[in-house]
Amino acid sequence: MIRTTRSCSSRLRPSRLAGLALGAALLLTLAAGCRSDSGSGDSTIRVGVALYTQDDTFISAVAQELERLAREAEGGAGDLKINLSVADGRSNQTTQMDQIDQFISRGCDVLCINIVDRTAAAVLIDKAEEAGVPVIFFNRQPVAEDIRRWEQIYYVGARAEEGGALQGQLVLEAWRSGRERWDRNGDGVVQYAMLEGEPGHQDALLRTEYSVKALTDAGLAVEKLASDTANWNRGQAEAKMKQWLEEFGEEIEVVFSNNDDMALGAIDAIREAGLALPLVVGVDATAPALEAVAAGTLQGTVLNDAQGIAGAMLELALALSSGRDPAEVVALEDGHYVWLPYRQITRETLEPSESLPLPSRTKN
Ligand code: GAL
Ligand code: CA
């Protein structure tokens, strides 16, 4: 469903947006725009939300949650109105910069920014400061030096190291309890392949490092057979895995994937090749990944809390736009950071609400 009246940004063309494949139902509320037209005394909060791309499963989930929680907050609080304007940066920093200029010039109260290029935050922060508009970055973490540029800058996200370590522990536990199954060549060494997210992304760099570290810290010997980026993308991961299977076949015992979409791409390739599934793990806990965990094809995943991230951003946005101290509504670290915990998910720990009804439960 797309509701459009007037947009914060003239660059958001509803017809184009309608054509985008956003998965289920990403709500784009291009409501009355950032400008407060309704005269004085209204309690309308105008939030500009800039996404690095809408063509990303996890980011779409965060945007959807933000929309849902905003509607819920409106329902619970008298005449409060929250206008969310969502812009798709289409993985282009110049495009996103234009969208942010528009948000600012049209009078947004707060900006929520999922920055395309993590290293480009300084320019953007200076613009926001000049206009006096607080910024909440999320998911794609600017460097600490940039975050400290102005006191009205915040970051909401999860600690990448923690996600990696939890993923590594999932593998460690499965390996220890099912050594005969996973250690295919029986040498006691974990022969693995690593599917990495976007180069330079904190979650790609640190999940890659800390997932393997969890094994080596526990004294397990590892051997990297293959490692490359598939840019968070299922199709790219499938293609990459296909190549690796040609080279290594069933020698690959574990597939670490920096996110679920790529883990599912790897599983696609392995099934396509008609080979037995190795131990595959992801991160995010997207709906299709939870289905795969329930079906036993994905060994486990690590919940990247889309709902928690959206909730913290909304709380912050409401506090900032009404002049309240943000520390009263969220747990702020170093005056700028809100950290959401990751959580491991396996078939055993799947909560009933997470295990979606499946026509049949298959074992690999
Ligand atoms: C990561 C997430 C990925 C992708 C990326 C985008 O946290 O695990 O699936 O959404 O953020 O920045
Ligand atoms: Ca082995």
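Definitions and cut-offs
Residues numbered from 1 in each chain as written. Chains lettered and ligands numbered in written order. Predicted model: local features only at pLDDT ≥ 70, side-chain atom pairs only at ≥ 80, totals over all residues. Heavy atoms only, no water. Buried < 20%, exposed > 50% of the residue type's maximum accessible area, 1.4 Å probe, protein only. Helix = DSSP H or I, 4+ residues; strand = E, 2+ residues; numbered from the N terminus. Right-handed = clockwise from strand over helix to strand, strands pointing away. Near = heavy atom within 4 Å. Polar contact = N/O pair within 3.5 Å; in protein donor to acceptor, adjacent residues only side chain to side chain. Areas by Shrake-Rupley, 256 points an atom, 1.4 Å probe, with all protein chains shown as cover. Patch = residues over 30% accessible without salt bridge, like charges linked within 9 Å, V, L, I, M, F, W, Y side chains within 5 Å. Salt bridge = Lys/Arg side-chain N within 4 Å of Asp/Glu carboxyl O. Lys, Arg positive; Asp, Glu negative; His and termini not counted. Charge placed at Lys NZ, Arg CZ, Asp CG, Glu CD. Core = buried A, V, L, I, M, F, W, Y, C linked by side-chain atoms within 4.5 Å. Domains from an automatic or database assignment. Contact = heavy atoms within 4.5 Å. Phe/Tyr/Trp six-rings, centres within 6.5 Å; stacked < 30°, edge-to-face > 60°. Lys NZ or Arg CZ within 6 Å of the ring centre and 35° of its normal. pLDDT = per-residue confidence, 0-100. Donors = N, O, S within 2.8 Å, 3.2 Å for Na, K, Ca; no water.

Draft legend 1. Layout of the pairing of strand 4 (residues 81-88). Counted residue by residue, strand 4 has seven buried out of eight residues, so it is predominantly covered. Viewed along the sheet, the connection from strand 3 (residues 44-51) through helix 2 (residues 57-76) into strand 4 turns out right-handed.

Draft legend 2. Here's a closer look at the site of ligand 1. Taken together, the neighbourhood of ligand 1 is formed by 13 residues, with D56, N139, H201, D203 and D284 sitting nearest. One of the side-chain N or O atoms of R140 is found 3.0 Å from an oxygen atom in ligand 1. H201 places a side-chain nitrogen or oxygen 2.8 Å from an oxygen atom of ligand 1. For ligand 1, whose accessible area on its own is 310 Å², the fraction buried by protein is 99%. Of all the elements in the fold, those that place two or more residues in the shell around ligand 1 are helix 2 and helix 8 (202-217).

Draft legend 3. Fine view of a negative patch on the surface. Where like charges cluster on the molecular surface, the negative patch consists of D187, E223, E247 and E251. Within the secondary structure, D187 sits in the loop between helix 7 (179-182) and strand 8 (189-196). Among the residues examined, D187 registers a relative accessible area of 37% and is labelled partly exposed.

Draft legend 4. Region of the structure containing the nonpolar core. Among the nonpolar cores identified, the biggest contains 69 residues, and I136, V156, M241 and M313 are the most heavily contacted of them. Among the elements that take part in this core, helix 12 (residues 306-321) stands out by supplying 10 residues, more than any other. Split by domain, the residues of this core number at least three in each of domain 1 (14-150 + 306-340) and domain 2 (160-303). Ignoring sequence-local partners within four residues, the contact set of M313 consists of V62, L66, C112, I136, F138 and V156. The next biggest cluster of nonpolar side chains, apart from the first, holds 22 residues, and it includes I104, V135, F137 and I147.

Draft legend 5. Just the packing of aromatic side chains, in detail. In the structure shown here, the tally under the stated rule is four aromatic pairs. Ring geometry for Y337 and W339: centres 5.4 Å apart, planes at 5°, overall stacked. Classification of W339 by relative accessible area gives partly exposed; the value is 21%. An aromatic cluster of three or more residues is present, and its members are Y155, Y337 and W339. Its guanidinium or amino end placed over the ring of Y52, R140 lies 3.7 Å from that ring's centre, counting from NZ or CZ.

Draft legend 6. View of the confidence of the model for the protein chain. The predicted model of the protein chain has a mean per-residue pLDDT of 88, with 85% of residues at 70 or higher. Taken as a whole, residues 1-33 scores under 50 in pLDDT and shows 79 contacts with residues more than four places along the chain or in a different chain. This model gives residues 356-364 a pLDDT under 50, and the stretch forms 16 contacts once residues within four places in sequence are excluded.

Draft legend 7. Quick peek at the pattern of salt bridges. Evaluated as defined, the whole model comprises 15 salt bridges. Put simply, R140 and E198 hold a salt bridge, and the shortest N to O gap is 2.7 Å. Taken together, the positions of R140 in the loop between strand 6 (135-138) and helix 5 (144-147) and E198 in the loop between strand 8 and helix 8 put the pair 58 residues apart, joining distant regions of the chain. Each of the two residues, R140 as well as E198, counts as buried. As a salt-bridge pair, R159 and E333 come within 2.9 Å of each other at their nearest N and O atoms. Remark: E333 occurs in the loop between helix 12 and strand 13 (337-339) and R159 occurs in the loop between strand 7 (153-157) and helix 6 (160-177); sequence separation between them is 174 residues. Judged by relative accessible area, which is 29%, R159 ranks as partly exposed.

Draft legend 8. Structural context of the environment of P288. Mapped onto the secondary structure, P288 falls in helix 11 (residues 287-295). By relative accessible area, P288 is classed as partly exposed at 35%. Remark: the alpha-carbon pair of P288 and D260, spanning 28 residues in sequence, is separated by 8.5 Å.

Draft legend 9. Quick look at the coordination of the calcium ion (ligand 2). Protein-derived coordination of the calcium ion (ligand 2) comes from D183 (OD), N185 (OD1), D187 (OD), V189 (O), Q191 (OE1), E253 (OE) and E253 (OE), at a distance range of 2.3 to 2.5 Å. Expressed as a motif, the donor residue spacing for the calcium ion (ligand 2) is D-x1-N-x1-D-x1-V-x1-Q-x61-E. Residue D183 is found in the loop between helix 7 and strand 8, and its partner E253 is found in the loop between helix 9 (234-248) and strand 10 (254-257); the two are separated by 70 residues along the sequence. Across the pair, exposure class does not vary: D183 and E253 are buried alike.

Draft legend 10. Spotlight on the environment of Q169. Inspection of the secondary structure puts Q169 in helix 6. Owing to a relative accessible area of 32%, Q169 belongs among the partly exposed residues under this scheme. For the pair Q169 and A214, spaced 45 residues apart in sequence, the C-alpha separation works out to 6.0 Å. Setting aside residues no more than four positions away along its own chain, Q169 makes contact with A214 and Q344.

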